[in-house]
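# Tertiary structure, described
Here's the letter readout for the chains.
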Amino acid sequence: MPDFQAILENLYQDAMNTSDKGTVASYIPELAHVDKNNFGIHLRTSAGKDYGVGDYKKPFSIQSISKVLALSKAMELIGEDIWKRVDVEPSGHPFNQLALLEIENGIPRNPLINSGAIVIADILVSNLENPKEDFLNYIRDLNGDDTINFNIDVAHSEKVTGFKNYATANLLKSFENLNNPVDDVLDFYFHQCSIEMNCEQLTKAFFFLSNKGNCLSNKIRLTKTQAKRINAIILTCGFYDEAGEFAFEVGLPGKSGVGGGIVALLPDNFVVTTWSPGLNIKGNSLLGMKALEKFTTETKLSIF
Ligand SMILES: NC(=O)CC[C@H](N)C(=O)O
C-alpha cells in the first residue's frame, strides 16, 4: 500500500510552494473573504484508515458539492422518476449556462449543473416534510456529526446576488419543470449550497458512494446500482465543461464546488477531499485539481 501520509504531505508542500493559487469566487460576495492560502487534504481508505494534512479540519462552503448529496437524497425518495425531468448527459458548458436549457425545452442536461440541481431541489422541496431541516439532517446522519450546519450569511449573500439562478428557475417554471414557487426552491437551493463542512467531513459523507451505497454506520443509503449511477454522473458531469479534463488528468469520479472543495473517490478503495479556495477560469479549484492529478499519478490509483 502507498505511504498515503507522506504523499499527502508532499502534495501540501507543492501547494504551499505554488505562487499561482487561482482566484477566489467573488460573485457570491460572502465567499470573496476566504483566504486563498488555505489548503487541506483528507483521505479515508475503505479499510477505515484516515490521513489528513493542512487545513483539513477547517470548514468551508461546500457549494456545488452539495448537488451530489441532494441527488442521492432525491434518488432515495423518488428513484427513477428523476430522469423524467433531468437528463444524464455532460453539458460541455459552464455550470450556470442558460442557453441549452431553453433549446432543450426546460430539461436540464444533468443534475450537477445549476438548472439540474434546481430541479432536484424542487423534488426535495416537494418530498421532504421540512425540506431544509430534513436535508441537513440527512447529511449529519451520513457523517454521524450534528455540528454540520448552514452558513446563513452565505445563503443570504447568494439570495441577493443570484440573478442567474433566478433566471434559470424562472425558465424551468415556464417549461413547467418546477412544481413549487421559484422563491421556495431557490431558498432551499441557496441553503443547500451554503452548508459548511471540512475535508474530513466531506470524505466521510461521500463514503457511501465508494461503498456500494452503504454509509459509514453501515446503513443502506442507496442500492449498489444507484451508487454506480451517481458515480457515473459525477465522472461525466462533476466538473461541467472541465469534466473531460478532470477524467483525463485525475481519472476518478469527482465533484467540485466554487468554495474550492473537490471530493473524488475510487469505489471500494478510498475517498479523498481537497480544499483550496482559489479557482481556475472554469470555476474549479486550481490547486485541488493539481494535487489530485499528482495523487493518482504517484499512487497509480484511478478507475482506468
Ligand atoms: N459551481 C458551484 O459551486 C456553484 C454553486 C453556487 N451556489 C451557484 O449556484 O452559483
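Residues numbered from 1 in each chain as written. Predicted model: local features only at pLDDT ≥ 70, side-chain atom pairs only at ≥ 80, totals over all residues. Heavy atoms only, no water.

## Describing the nonpolar core
Residues Phe135, Ile195, Phe206 and Leu209 are the most contacted members of the largest nonpolar core, which totals 62 residues. Ranked by residues supplied to this core, first place goes to helix α4 (residues 114-127) with 8 residues. If we ignore the near neighbours within four places in the chain, the residues touching Phe135 are Ser66, Leu69, Ala70, Lys73, Leu124, Leu128, Phe188, Gln192 and Ile195. Of all hydrophobic cores here, the second largest spans 27 residues; its members include Ala243, Met289, Ala291 and Leu292. (Core = buried A, V, L, I, M, F, W, Y, C linked by side-chain atoms within 4.5 Å. Buried < 20%, exposed > 50% of the residue type's maximum accessible area, 1.4 Å probe, protein only. Helix = DSSP H or I, 4+ residues; strand = E, 2+ residues; numbered from the N terminus. Contact = heavy atoms within 4.5 Å.)

## Some thoughts on the pairing of strand β8 (residues 270-275)
Most of β8 sits inside the fold, with 6 of its 6 residues counted as buried. Burial of the side chains of β8 extends over both faces: Phe270, Val272 and Thr274 are buried on one face and Val271, Thr273 and Trp275 on the other. Of the strand pairs in this sheet, strand β2 (residues 40-45) and β8 are connected by 6 bridges, and their pairing is antiparallel. Residue pairing for β8: Thr45 is matched across the bridge by Phe270. Relative to β8, strand β7 (residues 261-266) is paired through 6 bridges, and the arrangement is antiparallel. By the bridge assignment, Gly261 is partnered in β8 with Trp275. Once β7 ends, the chain turns through 3 residues before running back antiparallel as β8, passing Asp268 with a positive phi of about 65°. (Pairing = 2+ DSSP bridges.)

## What to know about unusual backbone geometry
Notably, Asp268 is not glycine yet its phi reads approximately 65°, a positive angle. On the secondary structure map, Asp268 appears in the loop between β7 and β8. For Asp268, a relative accessible area of 44% translates into the label partly exposed. Unlike most non-glycine residues, Lys300 shows phi in positive territory, near 60°. Among the secondary structure elements, Lys300 is positioned in the segment after α13 (286-299). The exposed category is assigned to Lys300, whose relative accessible area is 70%.

## So, the UniProt feature "binding site: substrate" (unreviewed entry) in the chain
On the UniProt side, "binding site: substrate" (unreviewed entry) is annotated at positions that read Ser64, Asn114, Glu158, Asn165, Tyr189, Tyr240 and Val258 here. Residues that both appear in the annotated list above and line the second largest cavity are Ser64, Asn114, Glu158, Asn165, Tyr189 and Val258. By the element assignment, Asn114 lies in helix α4. Exposure remark for Asn114: the relative accessible area of 4% places this residue in the buried category. Aside from chain neighbours lying at most four places away, what touches Asn114 is Lys67, Phe95, Asn96, Asn165 and Tyr189. Mapped onto the elements of the fold, Tyr240 is located in the loop between α11 (224-237) and α12 (243-249). According to the relative accessible area criterion, Tyr240 is buried, its value standing at 5%. (UniProt positions renumbered as here; feature names shortened; annotations may be inferred. 1 Å grid on protein atoms, 1.4 Å probe; cavity = no way out; pocket = protein on both sides within 12 Å on 5 of 7 lines; lining within 4 Å.)

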